[in-house]
2 protein chains.
Amino acid sequence: MAGLADIAKAAGVSVSTVSRVLNRRAGIKEDTRQRVLDVLNQLPHTARGLGALRRTGVVGLLVPELSNPVFPAFAEALESRAAQAGYASLLCNTRAAMSEKDYVQMLTARGVEGMIFVSPEIANPDSDERRSRREYEELLGEGVRMVFVNGCAPSLDVPDITVDEHLAGYTAARHLLDLGHRRIGFVSGPARALPSRLKQAGWSAALDEAGVEPAAELVAHAAFGAEGGAAAMAELLDGPRPTAVLCSSDVMALGAMREAKRRGLSTPEDLSVVGFDDIGLAAYCQPALTTLAQPIADMAAAAVDELARRLDPDEPPRRATSFSRMFRPTLIVRESTAAPPS
Amino acid sequence: MAGLADIAKAAGVSVSTVSRVLNRRAGIKEDTRQRVLDVLNQLPHTARGLGALRRTGVVGLLVPELSNPVFPAFAEALESRAAQAGYASLLCNTRAAMSEKDYVQMLTARGVEGMIFVSPEIANPDSDERRSRREYEELLGEGVRMVFVNGCAPSLDVPDITVDEHLAGYTAARHLLDLGHRRIGFVSGPARALPSRLKQAGWSAALDEAGVEPAAELVAHAAFGAEGGAAAMAELLDGPRPTAVLCSSDVMALGAMREAKRRGLSTPEDLSVVGFDDIGLAAYCQPALTTLAQPIADMAAAAVDELARRLDPDEPPRRATSFSRMFRPTLIVRESTAAPPS
DNA sequence: TTGTACGCGTTATCAC
DNA sequence: GTGATAACGCGTACAA
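Note that the structure is predicted; figures quoted are calculated from it, not measured. (Residues numbered from 1 in each chain as written. Chains lettered and ligands numbered in written order. Predicted model: local features only at pLDDT ≥ 70, side-chain atom pairs only at ≥ 80, totals over all residues. Heavy atoms only, no water.)

## Thoughts on the interface of chain A and chain B
In this complex, chain A contributes 42 residues to the contact, which on the side of chain B involves 43 residues. Of all residues in chain A, the largest losses of buried area upon contact with chain B belong to R110(A), Y284(A) and Q286(A), amounting jointly to 22% of the total for that side. Counting the contacts that link chain A with chain B gives 4 salt bridges. A salt bridge links K261(A) to E335(B); the nearest nitrogen and oxygen atoms lie 3.1 Å apart. Inspection of the region where chain A meets chain B yields 20 residue pairs in polar contact (both at pLDDT 80 or more). Counting residues per element, the ones that place at least two in the side of chain A that touches chain B are α4 (70-84), β2 (88-93), α5 (100-109), α9 (226-238) and α10 (250-262) of chain A. Here the residues of the side of chain A that touches chain B are counted per class, giving 25 nonpolar, 8 polar and 9 charged. (Contact = heavy atoms within 4.5 Å. Buried area = accessible area lost by both parts, 1.4 Å probe. Salt bridge = Lys/Arg side-chain N within 4 Å of Asp/Glu carboxyl O. Polar contact = N/O pair within 3.5 Å; in protein donor to acceptor, adjacent residues only side chain to side chain. Helix = DSSP H or I, 4+ residues; strand = E, 2+ residues; numbered from the N terminus. Nonpolar A, V, L, I, M, F, W, Y, C, P; charged D, E, K, R; others polar.)

## Some remarks on the nonpolar core
By size, the foremost hydrophobic cluster in this structure holds 148 residues, and its most contacted members are I116(A), W203(A), I116(B) and W203(B). Element by element, the count of residues in this core is highest for helix α11 (residues 296-311) of chain A, at 9 residues. Apart from the residues lying within four places of it in its own chain, the contact partners of W203(A) are G169(A), Y170(A), A173(A), I184(A), G185(A), F186(A), P214(A), A215(A), L218(A), V219(A) and L246(A). Grouped together as the second largest cluster of nonpolar side chains are 44 residues, M146(A), L107(B), F117(B) and V144(B) included. (Core = buried A, V, L, I, M, F, W, Y, C linked by side-chain atoms within 4.5 Å. Buried < 20%, exposed > 50% of the residue type's maximum accessible area, 1.4 Å probe, protein only.)

## What to know about the protein's contact with DNA strand D
DNA strand D sits among 18 residues. The nearest are T17(A), I28(A), K29(A), T32(A) and S19(B). Each atom of DNA strand D within 4 Å of the protein was assigned to sugar, phosphate or base; sugar and phosphate come to 83%. In this structure, a phosphate oxygen belonging to DNA strand D sits 3.5 Å away from a side-chain N or O atom of S14(A). Between R25(B) and DNA strand D, the recorded distance is 3.1 Å, taken from a side-chain N or O atom to a phosphate oxygen. Of the residues in the surface near DNA strand D, the class split is 5 nonpolar, 10 polar and 3 charged. (Near = heavy atom within 4 Å.)

## Concerning the relation of the copies chain A and chain B
Relating the two copies of this chain is a rotation about some axis coupled with a shift parallel to it. Between the two copies, chain A and chain B, the superposition gives an RMSD of 0.2 Å; the rotation angle is 180 degrees and the shift along the axis is 0.1 Å. Put plainly, the chains are arranged around a two-fold axis. A high fraction, 100%, of the interface residues of chain A reappear at the interface in chain B, so the copies pair face to face through one surface. (Least-squares fit on C-alpha atoms with pLDDT ≥ 70 in both.)

In structure tokens, the structure reads:
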């Protein structure tokens with residue numbers, strides 16, 4: 001049971017300094033800060049006293065947004081598994097009013113033991129990758145325990161529970177090729193977004209394999225969201241018209257289908273559409289959406305279990321990257337795909 | 001600046017007893033507990049020291065579920081307004097893994113200053129109304145500051161920001177009557193759910209006004225959710241077939257439309273459908289859903305502002321009920337409603 | 001069931 | 001910028 005005093009003694013500083021470092025207060029020289037953090041990380045992570053370093057049974061779940069239903073779905077799955085493991089969950093929406101960084105600060109101050117980041121800021125195509133990488137490394141240095149879900153950040157020493165995006169793109173394209181399609185478009189998210197890039201690579205590989213050219217004019221980039229999907233679909237339909245389209249998410253697929261309908265094309269008769277995620281409403285839209293399901297429950301279980309192991313004082317500390325896992329998406333064929341018009 | 005010591009002195013007990021009461025620990029005689037709580041409530045609510053009773057700038061948002069997109073939408077709107085008011089938000093999903101009561105306990109222990117309950121437990125048709133009323137009254141007695149959104153609990157002394165459900169039902173039915181419909185069904189949530197009952201009353205009033213009998217066989221009850229909507233629609237279609245159907249929520253409407261399509265009926269040609277909520281995807285479904293929008297941003301602003309006033313040490317305390325407000329829903333006509341088949 | 005004594009981290013103050 | 005110190009408020013172990 002180590003408290004501020006022990007850390008202070010080991011680092012050769014005063015308790016006030018340790019307190020200041022842990023609470024990220026200004027006015028601390030960098031190397032002093034580093035010395036304290038070094039000591040903190042050398043201490044066995046069982047070292048938890050009765051004060052602010054005590055066990056609370058609370059974890060933080062950070063999701064980038066709530067308007068795409070896949071994130072609420074992840075949140076519910078994570079919360080449910082965390083409860084089974086004996087942890088209460090606090091949910092934070094990191095790209096709306098408050099930044100991920102601010103939430104992390106607030107959660108640690110509120111005595112959260114660990115955090116799960118779904119699509120963390122480092123996977124945000126709009127963020128400065130180098131800066132956010134440095135920020136996560138600082139958190140690791142401070143002993144903050146965390147796990148990523150779909151983090152797309154293999155270079156960071158954080159366990160990352162992902163879905164195989166490449167396989168998703170490949171499987172979707174393969175499904176459309178099997179139906180007889182040859183001109184298969186790809187409605188992508190922002191060009192810098194790694195999940196979209198990986199799916200595109202899978203799509204490209206499947207087309208290559210089938211002897212079809214994955215031409216650049218078959219790919220349209222747009223912002224995530226239904227409006228983005230509609231915009232990207234409009235771009236594709238203005239060019240040489242594809243007979244099928246693969247979308248980066250179900251939400252984009254809904255926007256894309258709407259744009260197709262606006263132009264008098266019906267799905268799947270004139271144009272097949274494949275989504276990605278399998279949000280709950282995908283089965284209830286007209287036509288019901290063919291999509292690639294993320295195994296959300298399994299991924300949530302893996303993420304929570306990995307975090308729980310890192311929080312368990314009886315478990316030995318473990319390197320992070322070796323415990324990352326990649327899950328396979330599942331093709332769910334519904335009504336939005338069919339053979340191309342003859 | 002009053003702390004545990006002041007409260008203890010005024011109540012004639014020790015600080016540990018006050019601590020135990022505030023943390024809801026077992027092993028406290030009821031009248032001792034009551035004496036402490038009485039003192040707590042007589043103290044001006046500016047009385048906040050440096051310990052667990054200090055100001056933290058954090059509020060809790062409690063929503064019943066995340067699978068109906070209307071709740072994530074409320075959560076984002078509330079969070080955004082709370083951030084404007086200088087508060088960070090912690091989101092809790094109260095009907096999944098952990099109960100509302102457990103979350104309240106945990107949030108107070110984590111130093112949350114106040115809470116906003118969207119569709120609180122007392123509005124849950126499956127809950128024991130008397131028991132949950134008592135629990136809220138206990139919280140009020142402990143000085144917990146809270147505001148309801150769509151709480152449907154006028155008898156409790158908690159400000160309640162609601163949408164006018166009766167007007168929603170009336171407006172939807174009126175819209176369908178104006179289109180020429182006469183047999184208008186109602187897909188309701190569980191029979192005990194007050195929001196559904198109020199909408200049904202509005203539907204009933206509009207039909208009466210038009211000289212149409214709101215027959216019981218035109219109403220079908222089912223669980224909330226898309227599956228429930230499908231089941232209720234099946235029940236209605238097994239009886240004397242209506243030409244239009246009004247649903248308790250957009251999610252139920254999607255399920256209902258799916259069931260109609262399964263039976264070879266197309267919307268709106270054979271059957272008009274009206275939803276309620278205006279979830280983001282309502283505009284992107286085929287056909288786009290005619291619905292009654294809740295003014296989510298306005299309701300969120302009202303709820304946050306009311307809570308903020310209650311947390312402001314400079315504001316005088318105010319009775320709760322007199323600050324409840326009811327908002328008007330807006331009819332949004334899209335593609336799922338049309339004149340009845342001739 | 002309740003009070004006392006102690007441990008904890010935080011904050012403020014002052015010295016250097 | 002950092003350390004020493006003291007006061008403070010909360011939580012808990014333990015004793016009554």
